[in-house]
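Structural features, examined
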Amino acid sequence: MIDYSFTYADLEYFLLILVRISCFVYVAPFFSMSNVPNRVKVGFSIFFSYLIYQAVDHNEVVYNTLLGFAMIVMKEALTGFLIGWGAQICASVTSFAGTIADMEIGLSMVSLMDPTTRQQATFTGVFYQYMFTLLMLISGLYQYLLRAMVDTFTLIPINGAVFKTEALMQSVLMFLADYIAIGFRIILPIFCAMIFLNCVLGVLAKVSPQLNMFAVGMQLKVLVGLCILFLSMRMLPALSDNLFTQMKRMIVSFVEGMV
């Protein structure tokens, strides 16, 4: 017969693992998409937590009062949240790049309902977000996120997280220093084409003042911008590698800040 018996200590340890995994799934890119049913997220969190529970060594969770156990739960929730958020802030670069691209093209007034966040988003921002999500699936980055989450239970055991505020703040500042650079690197072809087009329209406005360059320029910007967006599709795999490398570096730096 199969023995399903377990102790209260085993149940507490499993629930603490479930808290960390659930907070990670709640904020991590791809896993936290709002168009994924909540039942799927809950089921995946429980199943993944059970696999980790069977794989990792069980350490005794020591606490004296109910408040002490609540503090351990909060510590595990914050650990999972920080690991997932370290990857999520890197994925938000695509929305920033899309917003800047739409401002240059002239589509900033066009907004779509993003099904992943259920918020209004720009046309190019949604396009870049879906393309980078597709490349994330093709490159297997979601597997890296799961493996990284499993490794955290070895580096940061249950109730073993030590939050180093200075190290975590330094990691965030290090990313913010590259945030704008990474975003402009994604839309660099569109940005350069719009600068060149504005120069051409400025020269034509001086040569032929009778032409309404404002009306002509808006149509040309949309046409040229969409063409450059289509032609620059070949650059997205290389740009995604840069973004995914930054995402891995952020996860590692966040984990080092809690070891």
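Coordinates for the structure precede this section.
What counts, and at which threshold
Residues numbered from 1 in each chain as written. Predicted model: local features only at pLDDT ≥ 70, side-chain atom pairs only at ≥ 80, totals over all residues. Heavy atoms only, no water. Helix = DSSP H or I, 4+ residues; strand = E, 2+ residues; numbered from the N terminus. Buried < 20%, exposed > 50% of the residue type's maximum accessible area, 1.4 Å probe, protein only. Contact = heavy atoms within 4.5 Å. Polar contact = N/O pair within 3.5 Å; in protein donor to acceptor, adjacent residues only side chain to side chain. Expected span 1.5 Å × (residues − 1). Patch = residues over 30% accessible without salt bridge, like charges linked within 9 Å, V, L, I, M, F, W, Y side chains within 5 Å. Areas by Shrake-Rupley, 256 points an atom, 1.4 Å probe, with all protein chains shown as cover. Salt bridge = Lys/Arg side-chain N within 4 Å of Asp/Glu carboxyl O.

**So, the environment of tyrosine 63**
- Tracing the sequence through the fold places tyrosine 63 in the loop between α2 (38-55) and α3 (66-91).
- Tyrosine 63 gets classed as partly exposed once you look at its relative accessible area, which sits at 30%.
- It is 30 Å that separates the C-alpha atoms of tyrosine 63 and alanine 28, two residues lying 35 residues apart in sequence.
- Residues within four places of tyrosine 63 in sequence aside, it is in contact with Glu12, Gly68, Phe69 and Ile72.
- Looking at tyrosine 63, its side chain comes within polar contact range of the side chain of glutamate 12, at 2.4 Å.

**Considering helix α10 (residues 236-256)**
- Over its 21 residues, α10 extends 30 Å from the first C-alpha to the last, a length consistent with the 30 Å expected when each residue adds 1.5 Å.
- Inspection of α10 places Leu236, Leu239, Ser240, Leu243, Phe244, Gln246, Met247, Met250, Ile251, Ser253, Phe254 and Val255 among the buried residues, and these make up the whole buried set.
- The elements touched by buried residues of α10 are α3, α4 (93-105), α5 (123-139), α6 (141-155) and α7 (165-186).

**Some remarks on a nonpolar patch on the surface**
- Nonpolar side chains collect at one region of the surface, where Phe6, Tyr8, Leu11 and Leu15 lie side by side and expose about 460 Å² of accessible area between them.
- Relative to the helices and strands, leucine 15 resides in helix α1 (residues 8-27).

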